[in-house]
Structures are given as structure tokens and as C-alpha cells.
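Examination of the molecular architecture
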Amino acid sequence: MTQIEREEMEFDVVVVGGGPAGLSAAIRLKQLMPDAGVCLIEKGSEIGAHIVSGAVIEPRTLDELLPNWRDLDAPLRTQVTEERMLFLTETRSFAVPYLDRVMPQMANHGNYVVSLGEVCRWLGEQAEALGVEIYPGFSGAELFIENDHVSGVITGDMGIERNGEHGPNFTPGMILRAKQTILTEGARGSLTGHAMKRFGLRKGVEPQTYGLGIKEVWEIPAEKHRPGLVQHSFGWPLDDNTYGGAWLYHFGENLVSFGFVTGLDYANTYLSPFEEMQRTKLHPAFREHFEGGKRLIYGARALSEGGFQSIPRLTFPGGVLAGDSAGFLNVPKIKGTHTAMKSGMIAAEAVAEALEKDKKEAASMTARVQQSWLWSELRDVRNIRPAFAKWGMKLGALYSGIDSMILRGRAPWTLHHPHADNETLRPASVCTKIDYPKPDGKITFDRVSSVFLSSTNHEENQPVHLKLRNETVWQTVNHDVFDSPESRYCPAGVYEQEQTGENAWQLRINAQNCVHCKTCDIKDPTQNIDWCTPEGGGGPNYPVGM
Amino acid sequence: MKVLVPVKRVVDYNVKVRVAADGSGVETQGVKMSMNPFDEIAVEEAVRLREKGAAKEVVVVTVGAQAAQDVLRTAMAMGADRAILVRTDDTLEPRAVANVLKAIATREEAGLICMGKQAIDDDMNATGQILAAKLGWPQGTFASAVTVADGRIEVAREIDGGTEVVSLTLPAVVTADLRLNEPRYASLPNIMKARKKPLETVEIDSLGVDTASRLTVVSVAEPAERKEGVKVNSAAELVEKLKTEAKVI
């Protein structure tokens, strides 16, 4: 293809991604350097459109970032009032006693149940009020690199047709030139991936591991609504070797947030995170909450679970990583918002220093992170997630109790993440098929009706943004060995295996269904699926409430 | 010639709408809003007319709350020159909107009004027609192609089974159908520029027009859920079911 002529705009800092980390970074920067030109781009059609989270959030970082948030009409309205952690068997549930002592990270006193999408929209307003230029509907397609130095990003081209030709409305992406680029794309960000490869940011750190969170928002009858109720569960329906569990939060006006996280290091190729989530709703400990209610929203997103051991180098010439782009989620706490925001704030502080001293790399970010509470918080819980991977759910829970209660996070050892998530799947021949119940259309649903509630859409005529790097590998590995795991792990029904003849199969990719969760990019056994950034504005349109 | 393009802020076409709990309408709280897609087509056509030299200026106007500004900015990012927000917190019906637009068109001395054939929220398909009648101007509705020449506008209208071409004297009202054009993307530099283009706010009361409502919404309800289909094993069984269950033959 011929070189495309691109317009350029110059800023001091470009932030890629309008989640809690990116918005906190942008806000902090304008607080420190009111005159700096700060631009934030977001691939969703508006701020919040691609945000999926539980979410119970700890207001700690918000207190640091915007101490007067209570006077600014912040959408933190439902305080946690009661909470429980349940261990489930198929028909029964047992509450973990003395939760605040056994799992001290789980104590949610003083925390809020929120719609994180709504919080982000509010943070966006605060950022704009400080002069941040926010452009939703524009994706970062490439890093703009000059002399081995990131000098900004190139936004995605618009109006390319399915066959790759420029359509009549072709609008080339532009170069957003910046002295520093802050990547806050969330788990498995595309530009973050490029930066990691290009600058070797993962050298010497353990592989990142992930979980897939699938979420629904329900409206339930007022007489059943208990605002501030927080319920988590582990155990059934997952087997002892699979990490994961459910959440259920009552919040807002008769709303219930329900979701399920499955550790993507699962081994059984027949496991379907979507169906595990659906059938959990049928358990007596959950079912009553949904009866008489109505499902409003559906969505999914991968999250990073590697924690402390998997944090990459955070800086490179011309830019930094923050939030889940780097992987700051606190797994045992089941929270990543306060850590994402804190890392965004620290990124801004390091970037501000680099701008002032005219440095190419905001290298002070690493030391700033290490000196902050963020570092000790993640260090103290570092062994818990790997313990579950190593010893299974029950022994892992026992270990985590000992690690938290007796060792208080100061164990003289560190457990490792021996595998990346794409390496853990076992061949279909040695896996047991799982018999999932058929959806009842009242409490449980199929993928098609679910994806509909994500309001996802992609401009029809654009090139498919999910590609197989090698089609033969799909046949010989995905189909022949693993019996097409992507048709089960994708929560949006993007992948379907189709029989085209006797012993002939092909993969059908319904890319327009994609909800941008990134699971295929993570879990595909040979990393053969290439998740390219689609045209800006595409993807889910999660409303407030998500 | 000045082209006036009325636009409306509606629930985004990607959003699955749901009926508000009290049954008074659809839920708009916290839902993504954007410009009515037919209005985007109208904006695009107006901008093309200016680019071809057939028009001098493109003015967009909307009637609504402060938040409706965002669709005006979008229209200016697509190429409109300036914008007018007629501010009101009430929801107006087509007749009232037409009264407002008539006042604005007169004030602006518009030579052409180009607007969407209908808004995707209430699907009224009435404002353009009422406006033309009130102004006493000719109208070309459901336009799939327009040509301006010698003080006239030729409008190809999509009608059942074909196309009807009408030639109207200007000033006129044209309402855009889906196939008129494919609206361009608002590019990042143009969005930036649009933030600096003039946007005038006019309080609706200052226009002194009748905006009273004559219609009452009785109730809004979701359509009945579709029953799951069944597979039949033979044509005979199908005929049987059509006779006994569906009772259509």
C-alpha cells in the first residue's frame, strides 16, 4: 500500500484509553501542569462505553486524586452494608466465617458499589473541566516511533472496506505527536503489546495471567432490593482445579450486578466461561435474587490476574504503562480500580517530572510505584492467586488463609506463574465434556440474546478485526486437538466451527459480535488469533449501570 | 444560498431501548445519545451542496436541552458552518417543532431546508411536511438524490416500486431518505475545529411561537416476546400445523 499522508497534532502528553487509570493520569497531569496539552483518546463511542467491572471500589485513591469528590456529585452512592463469601456445592452454600480475619482483603467496610462506567463518565467530566481534550470514538492503531522513541500514537484509519481498499469515506488516522504517551488500555492492550515487544518490557518477569469476567445487570423488584449487599462465591460450578467465582451486588435503583470470573489458566477445553456464569444463577444462593427481575445489560472483559510477579518494566523511551495495561489488579481483593487509578496518578507524576526536566524516559515511575502503598499492597498478596493455580481451590483457599492471617503477606517465598494462559489447555481427547443446562429464557440465556444486550456494533463493511495468522494451524491444532475452544470461551459467540464437508471444518468469525474482551488474544493455544483494533467507535455501547 | 439543517438528538441506534418503569416512554437516563441518522444524511447533503458551490453556508439547528449541543458539534465537525440551539426542557411534538423551525428559517432567510425524513425515536415523519405547509414552501420528501440548478431543486423521491422526480422552486423543504448519501466520518482535526465554530443559544420563549402540546401519550409497552420456533419433520406436518395451530390456511 502506498504511504498515507497523515495530519499531525502536537500535545505534551497523549493518553490512550479512557478507563479509571487513563482518566486519573490525565486529571493528575493537569493538576500538576495546568498548561500542559493533554489529549486522551478512547476507542469506545463515548467514555464508559467499553467499561466492564463489578464493581465494589475502594475510595482511597479518589480521596487522593479529588479529595472533594463528595461535593462534586460523584456517582458513588451505594455503600457496602452487608457482605458474605460463600463456598458453594451443587445444592448448598456455606458462608466463610470471620471473613474479615480469614480473608482480610475482602473486608469491604467503607467501600462503594458503583457502575464503573458511570464513574468513568464522571471522571471524564472532571478531566474535561481541567482542560483535558477527550476524543472518544478514536482508537490508537499504532505507536508512532521515531529513532526508537515513542513520539505519540497514530489513530485508526476510518472507512477502509472489507477488502482492504479505501472506501469513498476513507479518512486516514492522524498522528498525535506527544513528548510522553501514557498507555492505559486495560488488560491486553494492543499498543501495550507492541510496546512490550519493541522495548522488551516483559524481560525477566513472569507471564501475565488473566481472568475473564462476564457480567449482567438486572433490574429486580423493589421489595427484594437490598442496596449495599455484596455476595461472592467460590467452589461450584467450577471444579477444584479451576480458579474463579461469582459476584452479586445490589446497588443503585433496584439494580443488581451479577458476574462471574473464570481464571483463563483453566485446563479443560470443554469449559465454557459463559455457561458457567449462566448456570451459577440457578444455584439457590443466587436464584432468588433474579426471580421476577429483568436482565438489562450484558458484557465481558478480560482482566489481569498475574499481580506483583507479572508487573513488567513500566517505562520506555517516550512513554509509560499504567492500570491494567501493566497489570495492577489486586486479585484477592477482587479490585483493580483503586490500584489502576493510583498507578495512573503515579504515571502522571513521573511524566510531569520527565517533561519538566526534558527527559526522554519517565524512569522515576518505577521507584515512585515501589515507594507507594500500591507496591506493598500487591506484594503482600502476591502468593494467593498462584497458590490456587498450584494446589487447587480448596487447598489454595486454606493457604491463602494462612498467608494472610499468620504470615500477613510476609512469607519468605514467592510462588510463581509457571505458564501463560495459552499453554494450559489440555487436548480434547483427555478432557471431560461438560453438560451445561439449556437456557430457560428467564434466568439463564444463550449467547445471541446476551450479546444483543451489549449493544455492540461494528461498521459492517470494515475489514474483519479478528484474523487467523495461519488458517492451517486452526485446523490442525484448534480443531483436531482442542475441538475448537474459541467457540466456547468467546462470551460473544464470535467463533463458530462449521462443517463444510466430510471431515472438513472451518472457523466462522462473526467479528461484528465482538465485545472487545480480548480473551481470544489471550487463550488461543498457539496465539494464532490476531486481535487488531477495529474502527473507532465500534464495539459495545454499555450504558450507565454497567 | 443558505441551507438550514434541523437535527435531533435521539437515543443512539445501537442502543437496545427499554420502556421506562412508569410506562411513560423509553428510558433515556444514562443511555448513549447521538444525532438522528437521517439528520446525519441531511447534514452530509447540505455540506456537499456547499462543497459543489450550490450553497454558501450550512446552518444546523436543534430544539432541545443544553445537552443537545453535542449533536450540533457533531454536525459542525462534519462540515456545517455554525449552529443554533433553541433551548427548551420540554419534549415538543412535530407541530411545535415546525413552528420553531419556521421562525428560525425566516430569521435566517434560509434558501433550502434539508432535514431527515423522520427521527428514529418517535418515527413521526411529520415535521418536514408540517414545516413546508407552514412556510408555504414546496416539499420534496424521501429524497434519494437532489440537484440544485437555476433557482430550482430537483428531488428524486423513493416511492413504492420506483422513483418519482419532482422539480421544486426554491426555497423548499427536502427530507432525506436512507439512500441519499453515506455520511462522512468526523475526523479528529475537524472535531477539534468544530469546538471553535459559533454556537448560538436561543431561548424558546424569545421566539414567541405556539409550542403547546396537542397529543397525549397514553402508554408505552414492549412488544410481546416472540415464541421460539419448532422444527417440523415433513411438509405434511407443516400444513397440518398451519391448519390446526396457526389457523392460517
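Each chain carries its own residue numbering, running from 1 in the direction its sequence is written. Chains and ligands are labelled sequentially in the order written, the chains with letters from A and the ligands with numbers from 1. Only residues with pLDDT of at least 70 are given local features in this predicted model, and only at 80 or more are side-chain atom pairs given and counted; all residues enter the totals for whole chains, interfaces and linings. Side-chain measures were taken over the full set of non-hydrogen atoms in the model, leaving aside hydrogen atoms and water.

Going by what an unreviewed UniProt entry lists, chain B is known as Electron transfer flavoprotein subunit beta and is assigned to Gluconobacter albidus. Per UniProt, the comment on chain B under Cofactor (unreviewed entry) is "AMP". UniProt positions are given in the numbering used here, feature names are shortened, and annotations may be inferred rather than shown by experiment.

Under an unreviewed UniProt entry, the name given to chain A is Electron transfer flavoprotein-ubiquinone oxidoreductase, and the organism recorded is Gluconobacter cerevisiae. Recorded in UniProt for chain A, the comment headed Catalytic activity (unreviewed entry) runs: "a ubiquinone + reduced [electron-transfer flavoprotein] = a ubiquinol + oxidized [electron-transfer flavoprotein] + H(+)". Under the heading Function (unreviewed entry), UniProt records this for chain A: "Accepts electrons from ETF and reduces ubiquinone."

Section: the overall build of chain A
Within chain A, the secondary structure is distributed over 15 helices and 24 strands. Projected onto the principal axes, the alpha-carbon positions of chain A cover approximately 60 × 60 × 50 Å. Every one of the 546 residues in chain A was classed for burial, and the buried ones make up 62%. Taking as baseline every contact in chain A between residues at least 6 positions apart, the subset at least 24 positions apart corresponds to 77%. We get accessible surface area from the Shrake-Rupley algorithm with a probe of 1.4 Å; when it comes to residues, only the shown protein chains can shield them. When the accessible area of chain A is evaluated, it comes to approximately 21,200 Å², of which 50% is carbon and sulfur surface. Distance between charge centroids for chain A: 6 Å, based on 54 positive and 68 negative side chains. Secondary structure counts use DSSP, requiring at least four H or I residues in a row for a helix and at least two E residues in a row for a strand, with both numbered from the N terminus. Burial status follows relative accessibility: with a 1.4 Å probe on protein chains alone, a residue under 20% of its type maximum counts as buried, one over 50% as exposed, and anything between as partly exposed. We call two residues in contact whenever any of their non-hydrogen atoms come within 4.5 Å of each other. By the counting scheme adopted, Arg and Lys are positive, Glu and Asp are negative, and His together with the chain ends is not counted. Each charge is placed at NZ for Lys, CZ for Arg, CG for Asp and CD for Glu.

With respect to the pairing of strand S17 (residues 255-263) of chain A
Residue and element names in this part refer to chain A. Counting buried positions along S17 yields 9 of 9 residues, so the element is predominantly enclosed. By the alternation rule, side chains of S17 split into Leu 255, Ser 257, Gly 259, Val 261 and Gly 263 and Val 256, Phe 258, Phe 260 and Thr 262, which are all buried. Sheet topology places strand S14 (residues 210-219) next to S17; 9 bridges connect them, and they run antiparallel. Bridge pairing in S17 places Ile 214 opposite Phe 260. Pairing of strand S16 (residues 244-251) with S17 involves 8 bridges; the strand directions are antiparallel. Looking across to S17, one finds that Ala 246 is bridged to Phe 260. Whether two strands pair comes down to DSSP finding at least two bridges between them.

A closer look at the pairing of strand S4 (residues 57-64) of chain B
Moving residue by residue along a regular strand, the side chains alternate between the two faces of the sheet. Residue and element names in this part refer to chain B. The buried fraction of S4 is high, at 6 of 8 residues. For S4 and strand S5 (residues 82-87), the ladder comprises 6 bridges, and the chain directions are parallel. Among the inter-strand pairings, Val 61 is bridged to a residue of S5, identified as Ile 84.

Overview of the UniProt feature "domain: Electron transfer flavoprotein alpha/beta-subunit N-terminal" (unreviewed entry) in chain B
UniProt tags residues 23-211 of chain B as "domain: Electron transfer flavoprotein alpha/beta-subunit N-terminal" (unreviewed entry). With 30% helix and 31% strand, residues 23-211 of chain B has its two end C-alpha atoms placed 24 Å apart.

Details of the side chain of Glu 535 of chain A
Inspection of the secondary structure puts Glu 535 of chain A in the segment after strand S24 (529-531). Salt bridge, as used here, is a side-chain nitrogen of Lys or Arg placed within 4 Å of a carboxyl oxygen of Asp or Glu. Despite its burial, Glu 535 of chain A pairs with no opposite charge; the closest candidate is Arg 162 of chain A, at 10 Å N-O. Excluding residues within four positions of it along the chain, Glu 535 of chain A makes contact with Asp 157, Met 158, Gly 159, Ile 160, Glu 459 and Gln 462 of chain A together with Tyr 185 of chain B.

Thoughts on the interface of chain A and chain B
Contacts between chain A and chain B engage 29 residues on the former and 19 residues on the latter. Summed over both partners, the interface of chain A with chain B comes to about 2,100 Å²; 60% of that surface belongs to carbon and sulfur atoms. At the surface where chain A touches chain B, the tally comes to 2 salt bridges. Put simply, Glu 219 of chain A and Arg 18 of chain B hold a salt bridge, and the shortest N to O gap is 3.7 Å. For this analysis, a polar contact is any N or O atom pair within 3.5 Å, provided that within protein one partner can donate a hydrogen and the other can accept it, and provided that sequence-adjacent residues contribute only side-chain to side-chain pairs. There are 8 residue pairs in polar contact (both at pLDDT 80 or more) connecting chain A and chain B. Sorting the residues of the side of chain A that touches chain B by element identifies strand S1 (8-16), strand S8 (133-136), strand S11 (158-160), strand S12 (166-171) and strand S18 (294-304) of chain A as the ones contributing at least two each. Here the side of chain A that touches chain B gets 3 residues from one element, more than from any other, and that element is S8 of chain A. All residues other than Ala, Val, Leu, Ile, Met, Phe, Trp, Tyr, Cys, Pro, Asp, Glu, Lys and Arg, Gly among them, are scored as polar; the first ten of these are nonpolar and the last four charged. Broken down by class, the residue content of the side of chain A that touches chain B amounts to 13 nonpolar, 8 polar and 8 charged. What gets called buried area is simply the loss in accessible area from a 1.4 Å probe that two parts show on being joined, summed for both.

Side note on the packing of aromatic side chains
All names here are of chain A. Here is the rule: rings of Phe, Tyr and Trp (six-membered ring for Trp) pair when centre to centre is within 6.5 Å. Planes less than 30 degrees apart are stacked, more than 60 are edge-to-face, and the remainder are tilted. Under the counting rule described, the total for this entry stands at 12 aromatic pairs over all chains. Ring geometry for Trp 218 and Phe 445: centres 6.2 Å apart, planes at 45 degrees, overall tilted. Placement of Trp 218 in strand S14 and of Phe 445 in the loop between helix H11 (384-405) and helix H12 (447-452) is noted, with a sequence separation of 227 residues between them. Members of the aromatic cluster, each reached through a chain of ring pairs, are Trp 218, Phe 258, Phe 286, Phe 290 and Phe 445. Directly above the aromatic system of Phe 445 lies the positively charged group of Arg 295, at a separation of 3.9 Å from the ring centroid. Each ring is checked for a lysine NZ or an arginine CZ that lies within 6 Å of its centre and within 35 degrees of its normal; such an atom marks a charge sitting over the ring.

Quick look at helix H1 (residues 37-51) of chain B
Helical periodicity: at 3.6 residues per turn, an α-helix aligns residues three or four positions apart in one direction. Residues and elements named next belong to chain B. Multiply 1.5 Å by the residue count of a helix minus one, and that product is the helix's expected span. The terminal C-alpha atoms of H1 lie 21 Å apart, and with 15 residues this matches the ideal 21 Å at 1.5 Å per residue to within 8%. All of the buried residues in H1 are Phe 38, Asp 39, Ile 41, Ala 42, Val 43, Glu 44, Glu 45, Ala 46, Val 47 and Leu 49. In the segment just after H1, Gly 53 is the residue with positive phi, at about 90 degrees.

Side note on helix H4 (residues 116-129) of chain A
Residue and element names in this part refer to chain A. If you check H4, its first and last C-alpha atoms are 20 Å apart, about what 14 residues at 1.5 Å a residue would give, namely 20 Å. In terms of burial, H4 is largely enclosed, as 10 of its 14 residues are buried. Taken as a whole, H4 has its buried residues at Leu 116, Gly 117, Val 119, Cys 120, Arg 121, Trp 122, Leu 123, Gly 124, Gln 126 and Ala 127. Lining the buried residues of H4 we find helix H1 (20-32), helix H2 (60-65), S8 and helix H8 (337-356). Phi for Gly 131, located one or two positions after H4, is positive at around 100 degrees.

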